[in-house]
Amino acid sequence: MFDLELTDAHLATMRPDGAGYGVVRDGAIGIRDGQIAWVGPRSERPRSAQTRETLRCGGRWLLPGFVDCHTHAVYAGNRAGEFERRLHGATYADIAREGGGINATVRATRAAGEDELVAQSRPRVAALLAEGVTTLEVKSGYGLDTANEMKMLRAARQLAVALPVTVRTTLLAAHALPPEFAGRADDYIDYVCRDTIPAVAAAGIADAVDAFCETIGFTPAQVRRVFAAARAYGLEVKLHADQLSDLGGAALAAEFGALSADHLEYTNEEGVAAMAASGTAAVILPGAFYFLNETRKPPIALFRKYGVPMALATDCNPGTSPLTSLLLTMNMAATLFGLSVAECLAGVTRNAAQALGLAGETGSLTAGKRADIAIWDVSRPAELVYRIGFNPLHRRIFGGAMDDARRSMR
Ligand SMILES: [Zn+2]
């Protein structure tokens, strides 16, 4: 018995064992108890199966619900004023001197209550959902003290109560140096390891720990201490690595068995080989590359050569990637970095699920996985990557429940 059956549809299953899209023409999906119970060609549907409700999809394409595996979508305020000033010639240094940049977001986020943070962040998450996202990662990193980092993580989890989406939370206390620790980065890392990580682990409000390993962030030695503390508390790790310079971040992430290393513009072959050996996914973030007008591209050919799974994400954040569209992210990855359509779609489905440690639960249309499905009004999957500024989502199904993304999620 199926609770819901989707029929008269083409499927791009994105199943992990298949190459490309895993296409099933004229397929059907049977859903029971929120999970995919059966998937395949309609002609092979089990004859004995009964169904409570049938949705005819009119020849549309069904794909797994999208997974945005790297966001900073919870924050207060925005930096549109700084953006405008930079276009009139102000530099990042000018803005930082006046207390702008990330410090402005930290001040606004610290000042906001938890409910206010949820209210300000909700439209960003709703915009992602309206393009077929069913799973989302949210990082902290604008609180930069234990209480405010915990407030951000709780706000992120509240969004999963308010909206039909799975949210994974990542503690990013090692994002930037808070003003009260100016010139004392090692002391701040001590504080993160001795106070923040234990408190967050005890509260059970983070799935992973991340850090910003960069000349303008934290050193590899400091990141190593954060990761050792995270591991001691049983938390997964991820890393902002090699975005602006090659500090060996990819290899460091791999050494700790990280779920993912993210950005990776400056990663060298040794780092890619280490990621392949540790099963660490590469998260490519073309939105920040575009917004910062960068020129150094991530080593896509090396990821292919070593078989490192590539995921794509918005990196939604107020400073370097104010982006809430995975459709546009895919177009950027294809246009700027030369990813194929199949690589783009795998990057927002099965590989993104892997980057969150959720490969067994979502990211492909496979029996036994959660029924997270997006129904698209397109003639072929490539339209999802080819179009710019056009959202052909027809319907979204989250955990077996149908919603009309555009109507219900403001
Ligand atoms: Zn980021």
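Parameters at a glance
Residue indices follow the written sequence of each chain, beginning from 1 at its first position. Local features in this predicted model are restricted to residues of pLDDT 70 or higher, and side-chain atom pairs are both shown and tallied only at a pLDDT of 80 or more, whereas totals for entire chains, interfaces and linings draw on every residue. Side-chain measures were taken over the full set of non-hydrogen atoms in the model, leaving aside hydrogen atoms and water. For the purposes of this entry, the term helix denotes a DSSP run of H or I that reaches at least four residues, the term strand denotes a run of E that reaches at least two, and both are numbered from the N terminus. Each radius of gyration is computed over the set of C-alpha atoms, and the globule rule expresses the reference value as 2.2 Å times the number of residues to the power 0.38. Only protein chains enter the accessibility calculation, which uses a 1.4 Å probe; a residue is then buried when its area is under 20% of its type maximum, exposed when over 50%, and partly exposed in between. Working rule for contacts: check all heavy atoms of both residues, and any pair within 4.5 Å makes them a contact. Expected span of a helix, by definition, is 1.5 Å for each gap between consecutive residues, and there is one gap fewer than residues. Across the chain, bend at a residue is computed as the angle between axes fitted to the seven residues ending at that point and the seven starting from it. Here the rule is simple: two strands pair whenever DSSP picks up at least two bridges between them. The definition of a right-handed crossover adopted here requires that, viewed with the strands pointing away, the path from the first strand over the helix to the second runs clockwise. Where helices are involved, their axes are fitted lines through C-alpha atoms of the stretch in contact, as for all axes, and angles between N-to-C directions lie from 0 to 180°. An angle below 35 degrees is read as roughly parallel, one above 145 as roughly antiparallel, one from 65 to 115 as roughly perpendicular, and any other as oblique. Residues are grouped as follows: nonpolar covers Ala, Val, Leu, Ile, Met, Phe, Trp, Tyr, Cys and Pro; charged covers Asp, Glu, Lys and Arg; every other residue, Gly included, is treated as polar. Each salt bridge in this description consists of a side-chain nitrogen of Lys or Arg and a carboxyl oxygen of Asp or Glu lying within 4 Å of one another.

Engineer: Help me understand the overall build of the chain in this model?
Structural biologist: When you go through the chain residue by residue, the secondary structure sums to 16 helices and 15 strands. In terms of C-alpha radius of gyration, the chain reaches 21 Å, essentially the compact-globule figure of 22 Å for 410 residues. When its C-alpha atoms are laid out on the principal axes, the chain stretches across 70 × 45 × 45 Å. For the chain, buried positions account for 57% of its 410 residues. In the chain, the share of contacts with a sequence separation of at least 24, taken over all contacts with a separation of at least 6, comes to 71%.

Engineer: Teacher, can you tell me more about helix H6 (residues 185–203) here?
Structural biologist: The periodicity of an α-helix, 3.6 residues per turn, causes residues three or four positions apart to be oriented the same way. End to end, H6 covers 25 Å across 19 residues, agreeing with the expected 27 Å (1.5 Å per residue, within 8%). If you look at H6, its biggest bend is around 40°, right at Val192. Within the sequence span of H6, burial applies to Tyr188, Ile189, Val192, Cys193, Thr196, Ile197, Pro198 and Val200. Once H6 ends, the next one or two residues include Gly204, with phi positive near 65°.

Engineer: Whenever I open this one, the pairing of strand S7 (residues 166–174) confuses me. Can you help?
Structural biologist: The side chains of a regular strand alternate, residue by residue, between the two faces of the sheet. Taken across its 9 residues, S7 has 8 buried, putting it largely inside the fold. Alignment of strand S6 (residues 133–139) against S7, held across 5 bridges, turns out to be parallel. By the bridge assignment for S7, Leu136 is matched with Val167. Sheet topology note: the S7/strand S8 (residues 208–213) ladder contains 3 bridges and is parallel. Each bridged residue has a counterpart across the sheet, and for Thr170 the counterpart in S8 is Ala208. Handedness of the β-α-β unit built from S7, H6 and S8 comes out right-handed.

Engineer: Honestly, helix H7 (residues 220–232) in this entry has me stumped. Any pointers?
Structural biologist: If you check H7, its first and last C-alpha atoms are 18 Å apart, about what 13 residues at 1.5 Å a residue would give, namely 18 Å. Buried residues along H7 sit against S7, H6, S8, strand S9 (236–241) and helix H8 (249–255). Downstream of H7 by a residue or two, Gly234 has a phi angle that is positive, lying close to 75°.

Engineer: Hey, could you run me through the packing of H6 against H7 in this one?
Structural biologist: Packed helix pairs are specified by the crossing angle of their axes together with the interaxial distance, meaning the distance between the axes. As a packed pair, H6 and H7 sit with axes 10 Å apart at the nearest point and diverge in direction by 5°. Comparing their axes, H7 and H6 come out roughly parallel. Of the residues in H7, those in contact with Ala185, Asp186, Ile189, Asp190, Cys193 and Ile197 of H6 are Gln222, Arg225, Val226, Ala229 and Ala230. Taken together, the residues of the contact of H6 with H7 sort by class into 7 nonpolar, 1 polar and 3 charged.

Engineer: So what exactly am I meant to see when it comes to the sheet that holds strand S10 (residues 260–263) here?
Structural biologist: Backbone hydrogen bonds are what pair the strands of a sheet, in a parallel or an antiparallel way. Taken in spatial order, the 8 strands of this open sheet run S5-S6-S7-S8-S9-S10-S11-S12, and their pairing is parallel. One side of each edge strand has no neighbouring strand; the edge strands of this open sheet are strand S5 (66–68) and strand S12 (310–312). Across the sheet, the axes of successive neighbouring strands diverge by a mean angle of 25°, strand direction being ignored. Here S9 pairs with S10 via 4 bridges, running parallel. Following the sheet pairing, His240 is matched in S10 by Asp262. Its contacts with the sheet put helix H5 (residues 146–162) on S6 and S7, and the angle it makes with S7 is roughly 170°.

Engineer: Looking at this structure, I do not really get the pattern of salt bridges. What am I missing?
Structural biologist: Close approach of charged atoms lets side chains of opposite charge pair. Counted under the stated rule, the structure contains 25 salt bridges. Measuring nitrogen to oxygen at the nearest pair gives 2.6 Å for the salt bridge that ties Arg45 to Glu5. One end of the pair, Arg45, is in the loop between strand S3 (35–41) and strand S4 (51–64); the other, Glu5, is in strand S1 (residues 2–12), and 40 residues separate them in sequence. Judged by relative accessible area, which is 19%, Arg45 ranks as buried. The closest approach of N and O atoms between Arg225 and Asp190, which form a salt bridge, is 2.2 Å. Note that Arg225 is positioned in helix H7 and Asp190 in helix H6, a separation of 35 residues in sequence.

Engineer: Please clarify how the environment of Tyr142 should be interpreted in this entry.
Structural biologist: Turning to its location among the elements, Tyr142 is positioned in the loop between S6 and H5. Given a relative accessible area of 3%, Tyr142 falls into the buried group. C-alpha separation for the pair Tyr142 and Tyr386, spaced 244 residues apart in sequence, amounts to 34 Å.

The values reported here are purely geometric and, on their own, carry no functional implication.
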